Structures are given as C-alpha cells and as structure tokens.
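# Architecture at a glance
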Amino acid sequence: MKRTAFLILLTVTAISKVSAQGHGPLYGLQTPTLAKGGFDFNAAAMSLATEDDQSFMLRYIWSYGVTEDLQINITTPTMVNRLSEAPRTRGNNNMPANGDIEASVWYRFFSNAFGVGKRFESTAILSVSTPTEETRSGINVSNSIHGAISTGYASRTWYAWVGGGYQYYFEEGNEQLGDLPYASLVIGYRPNIFMGDYPKPDWRVFVESLAEFPGTSTSEGQLIPIDQRGKKVMIGPSFLGLYGAWGISFGALFPLYQDITQGPKEEYRLSMNISYWL
Amino acid sequence: MKRLGIIALLTIFSLSGVMAQLIKVDQEVFGMDCAPCAYGLERGLKKMDGLEKVQVSLNDGKAYLKLASDNKLTLQKIQEEVRNNGFSAKNAEVTIVGQLVKNENAWQVNVNGETFIVSSDTPSEIVKSLNTGKIKLKVFVKDKEDNHLNGTWDIRIVEVLKS
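Quick summary incoming for the structure in this document.

Reading the values: rules and limits
Residues numbered from 1 in each chain as written. Chains lettered and ligands numbered in written order. Predicted model: local features only at pLDDT ≥ 70, side-chain atom pairs only at ≥ 80, totals over all residues. Heavy atoms only, no water. Contact = heavy atoms within 4.5 Å. Buried area = accessible area lost by both parts, 1.4 Å probe. Salt bridge = Lys/Arg side-chain N within 4 Å of Asp/Glu carboxyl O. Polar contact = N/O pair within 3.5 Å; in protein donor to acceptor, adjacent residues only side chain to side chain. Helix = DSSP H or I, 4+ residues; strand = E, 2+ residues; numbered from the N terminus. Nonpolar A, V, L, I, M, F, W, Y, C, P; charged D, E, K, R; others polar. 1 Å grid on protein atoms, 1.4 Å probe; cavity = no way out; pocket = protein on both sides within 12 Å on 5 of 7 lines; lining within 4 Å. Points joined across faces, edges and corners; volume = space filled by probe spheres on them. Patch = residues over 30% accessible without salt bridge, like charges linked within 9 Å, V, L, I, M, F, W, Y side chains within 5 Å. Areas by Shrake-Rupley, 256 points an atom, 1.4 Å probe, with all protein chains shown as cover. Core = buried A, V, L, I, M, F, W, Y, C linked by side-chain atoms within 4.5 Å. Buried < 20%, exposed > 50% of the residue type's maximum accessible area, 1.4 Å probe, protein only.

### Some words on the interface of chain A and chain B
In this assembly, 28 residues from chain A lie in contact with 26 residues from chain B. Surface buried jointly by chain A and chain B totals about 2,100 Å² across both partners, of which 52% is contributed by carbon and sulfur atoms. Across the contact surface, chain A and chain B share 3 salt bridges. Of the charged contacts, one joins D33 of chain B and R119 of chain A as a salt bridge, the two residues approaching to 2.5 Å between their closest N and O atoms. Across the chain A-chain B interface, the total number found is 15 residue pairs in polar contact (both at pLDDT 80 or more). Only β4 (100–115), β5 (118–131) and β11 (202–212) of chain A provide two or more residues apiece to the side of chain A that touches chain B. Looking at the side of chain A that touches chain B, the element that brings in the most residues is β4 of chain A, giving 4 residues. Of the residues contributing to the side of chain A that touches chain B, the split by class is 12 nonpolar, 6 polar and 10 charged.

### What about the side chain of R108 of chain A?
Tracing the backbone shows R108 of chain A in strand β4. Here E68 of chain A takes part through its backbone oxygen, which lies 3.3 Å from a polar atom of the side chain of R108 of chain A. Look past the residues within four positions of R108 of chain A in its chain and what remains in contact with it is T31, T33, E68, D69, R119, E121, S122 and T123 of chain A together with G86 of chain B.

### Remarks on empty space enclosed by the protein
Residues and elements named next belong to chain A. Per the stated rule, a full pass over the model turns up 1 cavity of 30 Å³ or more. Its volume calculated, the largest cavity comes out at about 40 Å³. Lining the largest cavity are Y27, G28, L29, R90, N92, N93, Y182, S184 and L210. The class makeup of the residues in the lining of the largest cavity is 4 nonpolar, 4 polar and 1 charged.

### Some points on a nonpolar patch on the surface
Residue and element names in this part refer to chain A. Together, I193, F194, W203, F239, W246, F250, M272 and I274 make up an exposed nonpolar region whose accessible area comes to about 750 Å². For the nonpolar patch, the secondary structure elements donating two or more residues are β15 (246–258) and β16 (266–277). On the secondary structure map, W246 appears in strand β15.

### Quick word on the nonpolar core
Ranked by size, the top nonpolar core spans 55 residues in total, and within it L22 and F116 of chain B carry the most contacts. No other element matches helix α2 (residues 35–46) of chain B, which puts 6 residues into this core. Discounting residues that sit within four places of it in the chain, L22 of chain B has contacts with L67, N71, L73, T74, L75, I78, V94, T95, I96, V111 and F116 of chain B. Counting 10 residues, the second largest nonpolar core, distinct from the first, contains L29, W106, Y182 and L253 of chain A.

Encoded structure:
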C-alpha cells in the first residue's frame, strides 16, 4: 500500500512541476490558486513545542497551475527532530505537520471578481499522504487521505477565509491513527502604510485560528480508551510580505483551549515560509 | 494609361500604409489583490509578442500596455491572458488605428481580425464627424463576459485622434 501511494506521488511529481502558498495565511485554509502554467516553490521551517519536547521540520512545496482554477502540489519534509508523542495536526495550510509526503490538488470551484482588487472565491482540496516514519505516538502510521474546503474574501485591505477539513488514516498492522477533523478562520488586514502600488513591497497581517478535533486511535484492533490527543483551539498572528516574485510569511499559534487528558500539553507552534514564483 | 497606373500604385501604397493595430490599451482588471498577482500578470503579458511596455497597478486595478509598431496583438488575447491569471478583464480604454467602414448603418473599425463596433452612446457630434477611411481613435471598450470573447467589441468613441 505504501509503495502504491509512493508511486502515485512520484507520478504526480513527474506530471506536475508544483504548488502555491505564500499568498494568504500561514496556518489556516485559503483559496487562491496559481495562474495557468504558473510555478511556485515554498520552503518552510516549522516547529511545534509541547511541555516536554519540541519538533523541528523543514518542508518544501512545489506547485503548478494546470489552469487558473486547478493547482497541483507536492510537499516533502526534512525532519530535524520528531516528537515522541506527536499531536495529530495539519501544519501550514497546505502542509502536514508531521513527516508525511503529500500530494494535493486544489480546485477553485467558485470565483467572483467583483471589483478592483476584490474577489470572493471557494476552493476544494484533496490530498494523499504517505508517512516517513513507522510509528507516530506509538501507533503504526499509514497512508492517509485529506479533504478540505475553504471560502473567502480578498481585497486590497481586508481578507477573510473560513474552512474545514478532514484527514483519514488507513489501518496499518492492526493499528490505526484516529481521524482529524479541523476548521480554520483567518482575518487579514493591510494597513494604509503598506498600500504602496506594485512593484513596491506588499505587507499584510493576519489573525489565524485553528480548531482540531482528533479522533481516537486504535491499537491491536481496540480503541484506545483515553486518547493522548485532545481537542484544541489555537490562535495567533502571522505576517506576510510580498515583493515581486518573492514572499515571506511567519507566525505563531498559541493554545486558547486544549482538553488533553494524557500526555504533554502543547505550548506553541512557530512557522516561517519563503515563497518564490518561478 | 501611365497616369492610371500611378494612381493605382498610390492607392495601393496609401491602403498598405494603414497598419490596422492597437496602439495603447488600459485594461481594467478585477480581483487582483497582491504583488504576486501583479507580478504574474505582468510576466504573462510580457510574454506576448508585440508589446513595448507593460505596467500593472494594483491600486488602479489596471494593466497599462503600450504596443509595438506593426504588432498583431488583439484585445481578445490580452483579456485571455488576464483570465489565465485568475482575474477578470473588464472595461478597457484603447487607442486603435484602422479602417473605419459603415456596415448596415453601424460604424465599425476592423483591427487584426477584431471588429470594434461604434455603439449608440458615442456622442452625436463625434458620430457626425466620422468618414470612411483610415482613422485613429481613442475608444472605451465595454466589458464582455470572460467566457464569451469572440473578437467583436462594442465601443464608445472618446476622441477622434486622426482621420
């Protein structure tokens, strides 16, 4: 199964040339897709800190715009330090937080550009992932599929996106990671001081929130009675700077609420992403 | 006979001298909100043959195009490039040179296979001053649905620059 998924990933990679981010929020779901024939490369550094330990990961995404509404992406990780008790979570908006290789398709199924700099649009995401580790938090980790949908508004001044997603892990050796439903809400603002026209640098600030509701994992065919991972609501700021073909975004999320009954609580997530539109 | 030949030659020369083409296009673009959007559109437009200068303004929501002499570019190609970048091409202010003809009571200018039909909201004093033949016009091109571009445009003449 892993080999099949990996072959699919390689095929997608061969067909594509890659994906985009860097244009909207860092953590929450967004809607923009690349131009037809457009390429984008992202490199991200991500860290997740719990009471006991801290993970570090580098991640790369290549994206390609098949049409102005259809984009394909592939992302690969370089794990610097894994958590022994890793939470099930998404990472940045189109990147897994854990050591998965993931291929995804973004389809912008609705778009209404109704004014100068203004548009309302909706995008669906479908992805397949394969892990780079054998176990995660002591449970065999398998391939997974992920689907999400987001809708939002963009203008020269205000931005808002709301979305939700679901990740499902397949069974591996009589064990199965619980699923991951999640939702995100992002509000963005560009102050007047950054309203300089292209090609001047373009900055904006976001408040991002992420709610995660991980399901119960299965070990040796049995549901684990007390799951180590609880529900969480995270919130934090992020910043996005754009200049010509380059983009940089950085931000942090902090727990507003978490009901973890066993295992270390999460303290913060940090991320920085550099984008280049080829 | 010689005189007739010279007249014919002069006529041919004068007609061939009418290089029907777009001179300048200020294309309104909706939905473009960020620097990479402008960068992508600018880059896409620059790839097209026949452009001398391209400038994209996020704050105006416009792409300002100055076309090269003897270009073969069409407004449809320009608007398709806008659409390929994920935006919506709206109205445009265009300077054109072409042959003005009257077809079934409507004035029209044919440029590189496209037809610019003068609409009834063109000021009457401008319409009255029109004569068939080579003309240079500044026109307002009305928005068409991005999915229904066919090279035919309704225009309101803003100014007759040369006739």
